[in-house]
Amino acid sequence: MNPNKADSYIPALAKTALDLPPLWGRLTALSSDEAEFLSHFELPAGKTLALSFELGGVAFEDVRARIRTALRDPDGYYNYALAFTAPDQRELLRSAIGTQLPR
């Protein structure tokens, strides 16, 4: 992954199902196609998430992503490699990330 690293982690809410409460975590890397998500909650690879977060003052709601890999670190956090699945949402992310790059 060749992400645009944020100056700090981006707080994110992850919904796994309509009847379950959302989970919290942080995006540690973000590009228009993929992201890295850090959380205390355990989820299996292959699961689909709906992420909500803010980037550059723009709110992103229910951005669909599939968990490619899930690894637990020694501190008990889970590191997820995510792939964004909706082309229209990837395009919106590409635009928002482009405005965040230094000129």
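Note that the structure is predicted; figures quoted are calculated from it, not measured.

Asks: Can you help me understand the overall build of the protein chain in this one?
Replies: Within the protein chain, the secondary structure is distributed over 1 helix and 6 strands. Of the regular secondary structure in the protein chain, the N- to C-terminal order runs β-β-β-β-β-β-α. Sorting the 103 residues of the protein chain into buried and exposed places 41% on the buried side. For the protein chain, restricting intrachain contacts to residue pairs at least 6 apart in sequence, the fraction spanning at least 24 positions comes to 50%. When the accessible surface of the protein chain is totalled, it reaches about 6,300 Å², and 52% of it is carbon and sulfur.

Asks: Where do I start with the nonpolar core in this structure?
Replies: Generally speaking, a soluble globular protein has its nonpolar side chains buried in company with each other. Formed by 24 residues in total, the largest nonpolar core has its most connected members in L27, L30, L51 and F53. Mapped by element, the contributors of at least two residues to this core are β1 (10–15), β2 (23–30), β3 (34–39), β4 (48–55), β5 (58–72), β6 (78–84) and α1 (87–100). Once residues within four sequence positions are removed from consideration, L51 is found in contact with L13, A14, L27, F37, F60, E61, D62, V63, A65, L82 and F84.

Asks: How should I be thinking about the side chain of S39 in this particular structure?
Replies: Along the chain, S39 turns up in strand β3. Judged by its relative accessible area of 3%, S39 falls in the buried class. Here the side chain of S39 touches W24 through a polar contact of 2.9 Å, landing on its backbone oxygen.

Asks: Would you take a moment to explain the sheet that holds β3 for this structure?
Replies: One closed barrel accounts for 6 strands, arranged β1-β2-β3-β6-β5-β4; its pairing is antiparallel. Between one strand axis and the next, the sheet turns by 45 degrees as a mean value, whatever way the strands run. Inspection of the sheet shows β1 paired to β2 by 5 bridges, in the antiparallel sense. Across the sheet, residue I10 finds its bridge partner in β2, namely L27.

Cut-offs used in this document
- Residues numbered from 1 in each chain as written.
- Predicted model: local features only at pLDDT ≥ 70, side-chain atom pairs only at ≥ 80, totals over all residues.
- Heavy atoms only, no water.
- Helix = DSSP H or I, 4+ residues; strand = E, 2+ residues; numbered from the N terminus.
- Buried < 20%, exposed > 50% of the residue type's maximum accessible area, 1.4 Å probe, protein only.
- Contact = heavy atoms within 4.5 Å.
- Areas by Shrake-Rupley, 256 points an atom, 1.4 Å probe, with all protein chains shown as cover.
- Core = buried A, V, L, I, M, F, W, Y, C linked by side-chain atoms within 4.5 Å.
- Polar contact = N/O pair within 3.5 Å; in protein donor to acceptor, adjacent residues only side chain to side chain.
- Pairing = 2+ DSSP bridges.
- Axes fitted to C-alpha atoms, helices over the stretch in contact; angles between N-to-C directions.

Honestly, it's all geometry; don't read function into it.
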